[in-house]
Amino acid sequence: MDSPVTCPQCGAPLTSGRLGTVCARCIGRVSILAGPEAEEAPDGPTLGTVGDFELIAEAGRGAMGVVYRARQCSLNRLVALKMVLNGQFAGDAERRRFEAEAAVVATLDHPHIVPVYGFGEHEGRQFCAMRWLDGGPVSGPMPPAEAVRLLVCVARAVDHAHQRGV
């Protein structure tokens, strides 16, 4: 019986079953966090840099992307820096989808849609810089009145996007 193929970085089983590849989690770590560019920020250590941005902490991740709390050095402001989870290993379809998403969102101007500040690529890794919003995830139980207020905000934002063909 063949032993399962595992990630050479962390030992996790690989769903692709291809030797020599790394898992999605390690791809993100290798393409974003590793490297000699990691340095101390004035208020603490960073996870590294991506162009003009110092990565401060991971804020969240989904199936396709990872979002970092970052500092845009040239303007000294906090931003949310979204990157394709697979980094420089992303396929053409992923890269086109990521760029198209940023371009579409950048056309929208609404108080309940996070504005896009910029889009770029650094060492083969695409990124999208957006306004950083303080607060936590919107999950778990909440008072009904708060849920209704939030739902109204979301509905208005979706309506705004739909009115513009999104």
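Residues numbered from 1 in each chain as written. Predicted model: local features only at pLDDT ≥ 70, side-chain atom pairs only at ≥ 80, totals over all residues. Heavy atoms only, no water.

J.: Can you explain the sheet that holds strand S8 (residues 125-131)? Please cite residues and give values.
T.: Ordered in space as S3-S4-S5-S6-S8-S7, the six strands form an open sheet in which the pairing is antiparallel. Looking at strand neighbours, the two that pair on one side only are strand S3 (48-50) and strand S7 (116-122), the edges of this open sheet. Taking the axes of each pair of neighbouring strands and ignoring which way they run, one obtains an average angle of 40° across the sheet. Looking at chain direction, strand S4 (residues 53-61) and strand S5 (residues 65-72) are connected through seven bridges and run antiparallel. Within S5, the position partnered with Phe 53 by the bridge is Gln 72. Here helix H2 (residues 92-106) sits on the sheet and contacts strand S6 (77-84), S7 and S8; the angle it forms with S7, its principal contact strand, is near 155°. (Pairing = 2+ DSSP bridges. Helix = DSSP H or I, 4+ residues; strand = E, 2+ residues; numbered from the N terminus. Axes fitted to C-alpha atoms, helices over the stretch in contact; angles between N-to-C directions. Contact = heavy atoms within 4.5 Å.)

J.: Give me the lowdown on the pattern of salt bridges, citing residues and values where you can.
T.: Pairing is possible between side chains of opposite charge, provided their charged atoms come close. Inspection of every chain in the model, using the stated rule, returns six salt bridges. In this structure, the salt-bridge partner of Glu 101 is Lys 82, at a minimum N-O distance of 2.6 Å. Placement of the pair is Glu 101 in helix H2 and Lys 82 in strand S6, with a sequence separation of 19 residues. Relative accessible area serves as the criterion here: at 36%, Glu 101 is assigned to the partly exposed category. (Salt bridge = Lys/Arg side-chain N within 4 Å of Asp/Glu carboxyl O. Buried < 20%, exposed > 50% of the residue type's maximum accessible area, 1.4 Å probe, protein only.)

J.: Describe the environment of Met 142, naming the residues involved and giving the relevant values.
T.: Relative to the elements of secondary structure, Met 142 occurs in the loop between S8 and helix H3 (144-163). Those residues within four positions of Met 142 in sequence are excluded, and the remaining contacts are Ala 147 and Leu 150.

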